[in-house]
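Chain and residue survey
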Amino acid sequence: MTRAWRSTESWRERRGELNGKRIGFVPTMGALHRGHESLVERCRRENDVVVVSIFVNPTQFNDPKDLERYPRTLEADLALLEKAGADEVLVPHRAEMYPHGYRFRIDVEDSVQVMEGLHRPGYFQGMTTVVMKLLNMVRADRAYFGEKDFQQLRVVTDMVQEFFIPTEIVPCETVRDESGLAESSRNQLLSPEARANAAVLYRALTGAASTGEAKAQIEAAGLRVEYLEEHWGRRFVAAYADSVRLIDNVPLASE
Ligand code: PAF
């Protein structure tokens with residue numbers, strides 16, 4: 001049975017009882033979908049105890065409107081987690097996650113200020129700060145992160161190494177729907193038409209001969225491209241379908 005913990009103090013007590021077990025952790029902001037489900041299922045297979053957190057972290061949103069309309073579906077999330085085999089779910093309150101406001105934070109050096117770092121000021125600072133808090137609260141053996149947020153995955157992997165956090169960061173492949181669209185909590189905000197148009201992202205990422213061609217294909221489908229770049233052997237995109245911001249990336253085909 002899945003148990004939900006809303007206070008950090010009761011979670012601390014529970015965590016003490018789990019010492020000696022192999023703990024796997026999946027951090028989320030809720031609005032769970034098949035991508036999260038696959039992370040939880042893998043976590044279930046590889047650990048004795050599956051811990052999931054649901055916390056819409058305000059400090060990683062640079063746009064207050066985006067924070068406000070971020071989907072919140074707690075009842076459905078808990079039902080999905082029960083089915084996927086999660087044992088413990090942390091649903092902490094904002095005041096407990098930030099007992100001193102936002103006084104202490106991780107400063108991520110300038111070199112990550114491309115793509116998400118450049119276009120979402122404060123995002124990496126807020127994201128790494130909350131991930132550091134969560135990793136300290138859970139003290140997991142492994143934590144599972146999706147490759148859809150590849151830049152996030154890289155930064156978290158480096159941070160864990162840098163601060164000697166004894167949690168292995170496990171990268172997990174992006175889950176896609178039949179059209180190729182990457183599963184994302186933000187897909188819930190898309191109209192049926194915008195969702196159909198958004199399928200161009202994966203087609204362009206995988207099929208276009210150059211970044212310029214990929215951008216043109218995406219714009220021809222009515223999306224507004226924020227960036228389309230190649231780094232670390234992968235092609236990345238961020239684009240707006242209507243007013244919904246979507247990101248995706250794929251490995252570049254080797255020659
Ligand atoms: O990827 C997410 O959902 C969030 O960035 C995370 C890792 C849960 C931190 O808030």
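Above this text sits the structure in question.
So, a few notes on the structure that sits alongside this text. (Residues numbered from 1 in each chain as written. Predicted model: local features only at pLDDT ≥ 70, side-chain atom pairs only at ≥ 80, totals over all residues. Heavy atoms only, no water.)

Right, let's get into empty space enclosed by the protein. Applying the stated criterion to the full structure yields 1 cavity of 30 Å³ or more. Size it by volume and the largest cavity reaches roughly 80 Å³. Of all the elements in the fold, those that place two or more residues in the lining of the largest cavity are α8 (150-162), β9 (234-241) and β10 (244-251). Partitioned by chemical class, the residues of the lining of the largest cavity number 7 nonpolar, 3 polar and 4 charged. (1 Å grid on protein atoms, 1.4 Å probe; cavity = no way out; pocket = protein on both sides within 12 Å on 5 of 7 lines; lining within 4 Å. Points joined across faces, edges and corners; volume = space filled by probe spheres on them. Helix = DSSP H or I, 4+ residues; strand = E, 2+ residues; numbered from the N terminus. Nonpolar A, V, L, I, M, F, W, Y, C, P; charged D, E, K, R; others polar.)

Moving on: α8. Given 3.6 residues per turn, any residue in an α-helix points the same way as the ones three and four places further on. With 13 residues, α8 extends 18 Å between its outermost C-alpha atoms, agreeing within 8% with the 18 Å of an ideal straight helix rising 1.5 Å per residue. Turning to α8, its buried residues number three or more, namely Phe 150, Gln 151, Gln 152, Leu 153, Val 155, Val 156, Met 159 and Val 160. Here the buried face of α8 lies against α6 (116-119), α7 (123-138), β6 (142-146), β7 (168-172), β9 and β10. Phe 164 lies just past α8 and shows a positive phi near 55 degrees. (Expected span 1.5 Å × (residues − 1). Buried < 20%, exposed > 50% of the residue type's maximum accessible area, 1.4 Å probe, protein only. Contact = heavy atoms within 4.5 Å.)

Next up on the list: the site of the ligand. Around the ligand, the surrounding shell consists of Pro 27, Thr 28, Met 29, Asn 57, Gln 60, Met 127, Val 130, Val 131, Phe 145 and Gln 152. Take Gln 60: an N or O atom from its side chain is 2.7 Å from an oxygen atom of the ligand. Broken down by secondary-structure element, the contributors of at least two residues to the shell around the ligand are β2 (23-28) and α7. At 3 residues, the largest contribution of residues to the shell around the ligand is made by α7. When its residues are assigned to classes, the shell around the ligand shows 6 nonpolar, 4 polar and no charged. (Near = heavy atom within 4 Å. Polar contact = N/O pair within 3.5 Å; in protein donor to acceptor, adjacent residues only side chain to side chain.)

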